[in-house]
Amino acid sequence: MDMIIATHNKHKVEEFSRILKPLGVNILTADLTEAEENGTTFRENAFIKAKAACDETGLPCIADDSGLAVDFLNGEPGVYSARYAEEGKRKLTVLEKLKDVPDEERGAHFTSAIACVFPNGDVLEAEGHCFGRITRELRGSSGFGYDPIFLCTEEGCMNKTFGEASPEEKDAVSHRGKSLRDFVIKLEKYLQTKEG
Ligand code: ITT
């Protein structure tokens, strides 16, 4: 099935296509108006983006709202991950804030909330998390955003940052890999109910 992704982040388009194509969902992009992300949770913001895109296109639209929560910073940057500190200095700001923090207190996790809105008003939602630690310096240049400072501690990508991991290694354990695989299970059930 074809589905429009409501994002202005080209890295998300790449990851969605990579993860969803083998599962039978073909991701399309559209020139969409940027929605105001004024929710207070990942879930609310994912819905806002998917609903705005569906209203604009009249087609099923899927969106991701995601971010990094650092334990020592009480969950910051969280839903503000894309707007945290100065552009170009986001990763370094996190490293600086954790400068004197010992390894065992550097825990962090990524969250990805997915919302898919259909023109008839139906909504499917899914969520995924990935756990790790904040490094002491930038490591690797793959991926995007906070990837070079996120040291994954999950089986399959253990002790590699997402900046050092291959796309396959990241997708296997990442918040977005998990949320999208869960989404596809829900989508299949939803489509079966519709047909039946
Ligand atoms: P759209 O809203 O247009 O989809 P965005 O980048 O603004 O794009 P979000 O509001 O969901 O998306 O913010 C997510 C931010 O969290 C993103 O810009 C990164 O800084 C960070 N982030 C999310 N997933 C990440 C990942 O897999 N690797 C590294 N950083 C990630």
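Residues numbered from 1 in each chain as written. Predicted model: local features only at pLDDT ≥ 70, side-chain atom pairs only at ≥ 80, totals over all residues. Heavy atoms only, no water.

(A) Highlighting the environment of V123. Relative to the helices and strands, V123 resides in strand 5 (residues 123-134). Sequence-wise, V123 and C61 are 62 residues apart; in three dimensions their C-alpha atoms are separated by 9.8 Å. Leaving out residues up to four positions away in the same chain, V123 has contacts with F47, C116 and V117. (Helix = DSSP H or I, 4+ residues; strand = E, 2+ residues; numbered from the N terminus. Contact = heavy atoms within 4.5 Å.)

(B) How the structure looks around the site of the ligand. Around the ligand, the surrounding shell holds 20 residues, and the nearest of these are T7, H8, K49, D147 and K170. In this structure, an oxygen atom belonging to the ligand sits 3.2 Å away from a side-chain N or O atom of D65. Here the ligand loses 90% of its free accessible area of 610 Å² to cover by the protein chains. When each cavity is represented as a set of grid points, the ligand is found to reside in the largest pocket. (Near = heavy atom within 4 Å. Polar contact = N/O pair within 3.5 Å; in protein donor to acceptor, adjacent residues only side chain to side chain. Areas by Shrake-Rupley, 256 points an atom, 1.4 Å probe, with all protein chains shown as cover. 1 Å grid on protein atoms, 1.4 Å probe; cavity = no way out; pocket = protein on both sides within 12 Å on 5 of 7 lines; lining within 4 Å. Sits in = over half its atoms within 2 Å of the grid points.)

(C) A look at the environment of K170. Among the structural elements, K170 can be located in helix 4 (residues 167-173). In sequence terms K170 and K160 are ten residues apart; their C-alpha atoms lie 9.4 Å from each other. If near-sequence neighbours (up to four positions away) are discounted, K170 is found in contact with E15, F144, D147, F162, A165 and R176.

(D) View of the packing of aromatic side chains. What the rule picks out here adds up to four aromatic pairs. Here F110 and F150 contribute two aromatic rings whose centre-to-centre distance is 4.6 Å and whose plane-to-plane angle is 55°, an arrangement assigned as tilted. Note that F110 is positioned in strand 4 (residues 107-117) and F150 in strand 6 (residues 150-152), a separation of 40 residues in sequence. Owing to a relative accessible area of 0%, F150 belongs among the buried residues under this scheme. On the numbers, 6.0 Å between centres and 10° between planes, the contact of F110 with F162 is stacked. Linking F110 in strand 4 with F162 in the loop between strand 6 and helix 4, this pair joins segments that are 52 residues apart in sequence. Pair check on accessibility: F110 and F162 agree, each one buried. Taken together, the ring pairs connect F110, F150 and F162 into an aromatic cluster. (Phe/Tyr/Trp six-rings, centres within 6.5 Å; stacked < 30°, edge-to-face > 60°. Buried < 20%, exposed > 50% of the residue type's maximum accessible area, 1.4 Å probe, protein only.)

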